[in-house]
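# Coordinate inspection notes
Now for the letters of each chain:
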Amino acid sequence: MTTATAAEDALWARTYHPAPAGAGQLVCFPHAGGSASFFYPLSAELAAAAEVVAVQYPGRQDRHGEPTPSDINVLADLVYRALRPRLAARPTTLFGHSMGSVVAFEVARRMEADGLAPVRLFASGRGGPSVPRTGTVHLRDDAGIVAELDGLAGTDAVLLADEDFLRMVMPAIRADYTAVETYRCGPDAVLRCPITALTGDNDPKAPHEEVLVWGRHTSGDFELRRFPGGHFYLVDEADAVTDVLRRHLVTATTATDPAGQRTAP
């Protein structure tokens, strides 16, 4: 693998707040149709504990003119190439919501195959990666995709009614849904790092029994944390979710080797 440039890192990574010297990092992966700025409030809250790095996928905000990958593995390859120097530089915890959970999982697989050790994966708002997917949202017309987004209550209704906005973002949203709904993962894909699954107790996209499947994809420890709410529970329960992450991050550097990588799950 060739070394990514600083320009590539800047294209894919957003760091909104400075972190203390020697702190670990939390790398955050957005949901389908989401962007790095979704994690701005989390970055502000955790700035004293870690460097929060929000991944910016192609096809949105300042990258809206770029084609969006419609395959999770392609996206994970691109993320890993761009961010590898950053991922190797300090203890790294991965956090993904919805589609971002499986992107983070695939990035973690690439890290471990490359000799790097994520401290922990936090997988939010999605069943385990080997749960069969049957969604067809990506095959709907634009109105059908808008109806899906509206039902999940994760996108401002004013934006969903803005035709110019939708025209700009719809290609990326459709590509994201294609990627996540066609993603397949075998049950033998197992990380060494621990996994914490986070879920809303009323999330139709992440039934409890499917969320438990995350435990089959780690040889480390597994933890499940449930919060009140639906698919975007982490917005209403931001304080509680932030507290879980903060408690983890303040101790995440205690089991690292001199190069900054975790020595054991």
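Residues numbered from 1 in each chain as written. Predicted model: local features only at pLDDT ≥ 70, side-chain atom pairs only at ≥ 80, totals over all residues. Heavy atoms only, no water.

## Regarding the sheet that holds strand β7 (residues 222-227)
Across the sheet, which stays open at both edges, the seven strands sit in the order β1-β3-β2-β4-β5-β6-β7 with mixed pairing between neighbours. If you trace the sheet from one side to the other, it starts and ends with β1 (13-14) and β7, each paired once. In the sheet, β1 pairs with strand β3 (residues 50-55) via two bridges, with the strands oriented antiparallel. Following the sheet pairing, alanine 13 is matched in β3 by valine 55. Each of β2 (24-29), β4 (92-97) and β5 (120-124) is contacted by helix α4 (residues 99-113), which is oriented at about 150° to β4, the strand it contacts most. (Pairing = 2+ DSSP bridges. Helix = DSSP H or I, 4+ residues; strand = E, 2+ residues; numbered from the N terminus. Contact = heavy atoms within 4.5 Å. Axes fitted to C-alpha atoms, helices over the stretch in contact; angles between N-to-C directions.)

## What to know about the pattern of salt bridges
Within the structure shown, the criterion is met by 15 salt bridges. Two residues, aspartate 114 and arginine 84, come together in a salt bridge whose shortest N-O distance is 2.4 Å. Note that aspartate 114 is positioned in the loop between α4 and β5 and arginine 84 in helix α3 (residues 72-89), a separation of 30 residues in sequence. The class for arginine 84 is partly exposed, based on a relative accessible area of 26%. A salt bridge links arginine 109 to glutamate 106, with the shortest nitrogen-to-oxygen separation between them at 3.2 Å. With a gap of three residues between them, arginine 109 and glutamate 106 both fall in helix α4, about one helical turn apart. Classification of arginine 109 as partly exposed rests on a relative accessible area of 35%. Classification of glutamate 106 as buried rests on a relative accessible area of 2%. Look at the salt bridges and you will find they share partners, linking Asp9, Glu51, Arg86 and Arg90 into a network. (Salt bridge = Lys/Arg side-chain N within 4 Å of Asp/Glu carboxyl O. Buried < 20%, exposed > 50% of the residue type's maximum accessible area, 1.4 Å probe, protein only.)

## Some details on the nonpolar core
Counting 49 residues, the largest nonpolar core has Phe29, Val107 and Leu121 as the members making the most contacts within it. Looking at this core, the elements with two or more residues in it are β2, β3, α3, α4, β5, α5 (142-152), α7 (163-182) and β6 (195-200). With near-sequence residues (within four places) excluded, valine 107 lies in contact with Phe29, Ala76, Val79, Tyr80 and Leu87. Ala50, Phe122, Phe227 and Val244 belong to the second largest nonpolar core, which has 21 residues in total. (Core = buried A, V, L, I, M, F, W, Y, C linked by side-chain atoms within 4.5 Å.)

## Side note on the packing of aromatic side chains
The tally for this structure, following the rule as stated, stands at six aromatic pairs. Centroid distance phenylalanine 38 to phenylalanine 39: 5.2 Å. Interplanar angle 85°. Geometry classified as edge-to-face. Of the residues examined, phenylalanine 38 reaches a relative accessible area of 25% and is grouped as partly exposed. For phenylalanine 39, a relative accessible area of 2% corresponds to the buried category. Ring geometry for phenylalanine 105 against tryptophan 214: centres 5.8 Å apart, planes inclined by 75°, an arrangement best described as edge-to-face. Residue phenylalanine 105 is located in helix α4, and its partner tryptophan 214 is located in the loop between α8 (208-211) and β7; the two are separated by 109 residues in the primary sequence. (Phe/Tyr/Trp six-rings, centres within 6.5 Å; stacked < 30°, edge-to-face > 60°.)

## With respect to the packing of α3 against α4
Remark: α3 packs on α4, axes separated minimally by 9 Å, with the N-to-C direction vectors making an angle of 60°. One finds that α3 runs oblique with respect to α4. By crossing handedness, the relation of α3 to α4 is classed as right-handed. Here Ile72, Asn73, Leu75, Ala76, Asp77, Val79, Tyr80 and Leu87 of α3 lie close against α4, whose contacting residues are Met99, Val102, Val103, Glu106, Val107, Arg110 and Met111. For the contact of α3 with α4, a count of residues per class yields 11 nonpolar, one polar and three charged. (Parallel < 35°, antiparallel > 145°, perpendicular 65-115°, else oblique. Left-handed = near helix turned anticlockwise from the far one by under 90°. Nonpolar A, V, L, I, M, F, W, Y, C, P; charged D, E, K, R; others polar.)

Note that every value here comes from positions in space, so none of it alone points to a role or purpose.
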